[in-house]
Amino acid sequence: MFPHKENILLIKVEKFTDRIIKLAAYLKSKHVDNYIINQISRAGTSIGANLNEGVYAQSRADFVSKYSIALKEANETSYWLRKLYTGNYLTQKEFDSINNDCNEIIYILIAIVKKTKENGF
């Protein structure tokens, strides 16, 4: 299934990444501007890439850095989802579904970064 069976966050992010990739294909079929499609694709898939880099971080500081970048990318993804919704490219139901997943990832990342910093790095 997934290479990170024990890490619930990585599993959630992999599923979210799959949704972002499907969203990009859907947006192409709706003739959404390629700039927006590229932005949400880049930000949405970067979350998982940075988390995977953080798994093999060389230090606590490197871990915090990778997870902080993932958090920034998740926040940017949420921004683009809101723009797609306000631009009427996503229905309320579509937006709520994917944005709730994005927000859940954001909240988990905030907690991890905060706790790791509190434990000293």
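Residues numbered from 1 in each chain as written. Predicted model: local features only at pLDDT ≥ 70, side-chain atom pairs only at ≥ 80, totals over all residues. Heavy atoms only, no water.

J.: Help me understand the packing of helix α2 (residues 34-55) against helix α3 (residues 60-86), please; the structure alone is not making it clear to me.
T.: The interhelical angle for the contact between α2 and α3, taken along N-to-C directions, is 155°, at an axis separation of 8 Å. With respect to α3, the axis of α2 lies roughly antiparallel. Helix-helix and strand crossings are classified by hand; for α2 and α3 the assignment is left-handed. Class assignment of the residues belonging to the contact of α2 with α3 gives a composition of 14 nonpolar, six polar and five charged. (Axes fitted to C-alpha atoms, helices over the stretch in contact; angles between N-to-C directions. Helix = DSSP H or I, 4+ residues; strand = E, 2+ residues; numbered from the N terminus. Parallel < 35°, antiparallel > 145°, perpendicular 65-115°, else oblique. Left-handed = near helix turned anticlockwise from the far one by under 90°. Nonpolar A, V, L, I, M, F, W, Y, C, P; charged D, E, K, R; others polar.)

J.: Would you take a moment to explain the environment of Ile-110 for this structure?
T.: Mapped onto the fold, Ile-110 is located in helix α4 (residues 92-118). Overall, the relative accessible area of 40% leaves Ile-110 in the partly exposed class. (Buried < 20%, exposed > 50% of the residue type's maximum accessible area, 1.4 Å probe, protein only.)

J.: How should unusual backbone geometry be read in this particular structure?
T.: Negative phi values dominate among residues other than glycine, just as trans dominates among peptide bonds. We note that His-31 has phi near 60°; this positive angle belongs to a residue other than glycine. Looking at the element boundaries, His-31 is found in the loop between α1 (8-29) and α2. Of note in the backbone geometry, Asn-88 takes a positive phi value of approximately 65° without being a glycine. Tracing the backbone through its elements, the reader meets Asn-88 in the loop between α3 and α4. Residue classification places Asn-88 among the exposed positions, given a relative accessible area of 69%.

J.: Explanation requested: the pattern of salt bridges in the structure shown.
T.: Opposite charge on two side chains allows them to pair when their charged atoms are near. This model, assessed by the stated rule, comprises five salt bridges. Close ionic contact of Asp-101 with Arg-19 constitutes a salt bridge, the shortest N to O distance being 2.4 Å. On the criterion of sequence distance, the pair formed by Asp-101 in helix α4 and Arg-19 in helix α1 is long-range, its members being 82 residues apart. Assessed through its relative accessible area of 28%, Asp-101 is described here as partly exposed. The salt bridge partner of Glu-73 is Arg-42, with a shortest N-O separation of 3.1 Å. Here Glu-73 is found in helix α3, whereas its partner Arg-42 is found in helix α2, with 31 residues between them in sequence. Classification of Arg-42 by relative accessible area gives partly exposed; the value is 36%. If you follow the salt bridges from partner to partner, you end up with Arg-42, Glu-73 and Glu-76 in one network. (Salt bridge = Lys/Arg side-chain N within 4 Å of Asp/Glu carboxyl O.)

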